[in-house]
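Close look at the chain arrangement
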Amino acid sequence: MVVSSCQRLPMVEFLIQSSHHLQVSPIVKYSAFSFFADRFFPSLPAFIQSANSPNWLLQPVTESALQLFVLISLWISSKVHDSQPLSVTCLKSLADKSIKEQHFTTRNFLEAEVLFMQVLKFEIGTSNIAFLFLEDLWIQIKGVAKVGELINFEACMEIMDLLYEKEETSFLYRSPHSLAASILVASYVMTVPKQKWEFPVLAWVNFVTSCKEEDIIKMVTEILKHVLEPS
């Protein structure tokens, strides 16, 4: 098998760890998630199959190569969102410490970046990711209701990470508007004290996003099932 699903979780965890180590902003982290987990990783088998002579980084696809592509996703995301993007020097330094099986040169980073962009068909738009919609909803609810201040945005991001870590829930990212609304509601349920639940959060989310309440309830139920299940 060119790329196996069992390779996905270690790469998601590596992206989370690398984001923390590099101290990137949430938008850089979640754009990188979108690039790597939503698009690059699922597209890789078809890309390799269609290539006349696959690049050496894909013959075969090793754990080290995937880790390199994770760092590339963060690099590209940083270029999109940061006025001072991550440097290849700091990324290579992290790779030297974190990637044990293979040593990658600066030239390898540049080569991997081109390859990564080819798999993404050079489409690096990030306006349609759940994190941006979630952040916007959080800002809006704080503007209309005092209870909005009680919604823990860190908890929202922890939920996002957990949904990416579990392959069976990663499909939720295909509906970024609905997912953002559902994560906000789930965080409301988890972090706002019950005695403060007088705000009609479902009706408000439905009004702001046009997402159906029944769809949100289904998605929130799915989210809470995975977030609250014993580890």
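The structure presented is a predicted model; accordingly, all values stated were derived computationally and were not measured. (Residues numbered from 1 in each chain as written. Predicted model: local features only at pLDDT ≥ 70, side-chain atom pairs only at ≥ 80, totals over all residues. Heavy atoms only, no water.)

**Description of the environment of Tyr173**
Quick note on the threshold: In this description a helix means any DSSP run of H or I spanning at least four residues, a strand means any run of E spanning at least two, and both kinds are numbered starting from the N terminus. The contact definition used throughout considers only heavy atoms, calling two residues in contact when any of these lie within 4.5 Å. For this analysis, a polar contact is any N or O atom pair within 3.5 Å, provided that within protein one partner can donate a hydrogen and the other can accept it, and provided that sequence-adjacent residues contribute only side-chain to side-chain pairs.
If you trace the backbone, Tyr173 turns up in the loop between helix H7 (153–165) and helix H8 (176–191). In this structure, the C-alpha to C-alpha distance between Tyr173 and Ala130, residues 43 residues apart in sequence, is 6.9 Å. The residues touching Tyr173, leaving out its near neighbours within four places in the chain, are Asp38, Ala130, Met160, Leu163, Tyr164 and Leu179. Here the side chain of Tyr173 touches Met160 through a polar contact of 2.8 Å, landing on its backbone oxygen.

**Concerning the confidence of the model for the chain**
Heads up, the rule is: pLDDT expresses how confident the predictor is about each individual residue, on a scale running from 0 to 100.
Averaged over all residues, the pLDDT of the chain equals 90, while 98% of them reach at least 70. Of all secondary-structure elements in the chain, the lowest mean pLDDT belongs to helix H10 (residues 213–228), at 90, while helix H3 (residues 63–81) reaches the highest, 96.

**Points about the packing of aromatic side chains**
As a reminder, the rule being used: Any Phe, Tyr or Trp ring, taking Trp's six-membered ring, that has another such ring centre within 6.5 Å forms a pair; planes under 30 degrees apart are called stacked, those over 60 apart edge-to-face, and the others tilted. Only protein chains enter the accessibility calculation, which uses a 1.4 Å probe; a residue whose area is less than 20% of its type maximum is buried, one above 50% is exposed, and one in between is partly exposed. Ring-over charges, as used throughout, are those where CZ of Arg or NZ of Lys falls within 6 Å of the ring centre and within 35 degrees of the ring normal.
As enumerated under the stated definition, the model contains 13 aromatic pairs in all. Between Tyr30 and Phe131, the ring centres sit 5.2 Å apart and the planes meet at 15°, which makes this aromatic pair stacked. Residue Tyr30 is found in helix H2 (residues 26–50), and its partner Phe131 is found in helix H6 (residues 130–144); the two are separated by 101 residues along the sequence. Judged on exposure class, the residue Tyr30 and its partner Phe131 are both buried. Ring centres of Phe33 and Tyr164 lie 4.2 Å apart, and the angle between their planes is 10°; this geometry places the pair in the stacked category. Of this pair, Phe33 sits in helix H2 while Tyr164 is found in helix H7, placing the two residues 131 residues apart along the sequence. Of the two residues, Phe33 and Tyr164, both sit in the buried class. Ring pairing ties together the aromatic residues Tyr30, Phe33, Phe131, Trp138, Phe153, Tyr164 and Tyr173, which thus form one cluster. In this structure, Lys79 packs its charged tip against the face of Trp75, placed 3.9 Å from the ring centre.

**Quick word on the environment of Gln140**
The topology assignment puts Gln140 in helix H6. What makes Gln140 partly exposed here is its relative accessible area of 30%. The contacts of Gln140, once residues within four sequence positions are left out, are Trp204 and Val208. There is a polar contact of 2.9 Å between the side chain of Gln140 and the side chain of Asp136.

**Observations regarding the pattern of salt bridges**
A side chain of one charge can pair with a side chain of the opposite charge if their charged atoms are brought near each other. Stated formally: Within this document, salt bridges are pairs made up of a side-chain nitrogen of Lys or Arg and a carboxyl oxygen of Asp or Glu, the two lying within 4 Å of each other.
Summed over all chains, the structure comprises five salt bridges. A salt bridge links Lys29 to Asp161; its shortest N-O distance comes to 2.8 Å. On the criterion of sequence distance, the pair formed by Lys29 in helix H2 and Asp161 in helix H7 is long-range, its members being 132 residues apart. Across the salt bridge formed by Asp96 and Lys92, the nearest N and O atoms sit 3.1 Å from each other. With a gap of four residues between them, Asp96 and Lys92 both fall in helix H4 (residues 88–98), about one helical turn apart. Taking relative accessible area as the criterion, Lys92 reaches 18% and is therefore assigned buried.

**Some points on the packing of H3 against H4**
Under the convention used in this document: Simply put, an axis is a line fit to the C-alpha atoms, just over the touching stretch for a helix, and the angle between two N-to-C directions goes from 0 to 180 degrees. If an angle is under 35 degrees, it is roughly parallel; if it is over 145, roughly antiparallel; if it lies from 65 to 115, roughly perpendicular; otherwise it is oblique. For a crossing to be left-handed, the near helix must be turned anticlockwise from the far one by less than a right angle; the clockwise case is right-handed. The residue classification treats Ala, Val, Leu, Ile, Met, Phe, Trp, Tyr, Cys and Pro as nonpolar and Asp, Glu, Lys and Arg as charged. All others, Gly included, are polar.
Where H3 contacts H4, the two axes come as close as 11 Å, and the packing angle between them is 155°. The angle between the axes of H3 and H4 places the two elements in the roughly antiparallel class. Of the two elements, H3 crosses H4, and the hand of that crossing is right-handed. Note on element contacts: H4 touches H3 through Val88, Leu91, Leu94, Ala95 and Ser98, opposite Gln67, Leu71 and Trp75. Grouping the amino acids of the contact of H3 with H4 by side-chain chemistry returns six nonpolar, two polar and no charged.

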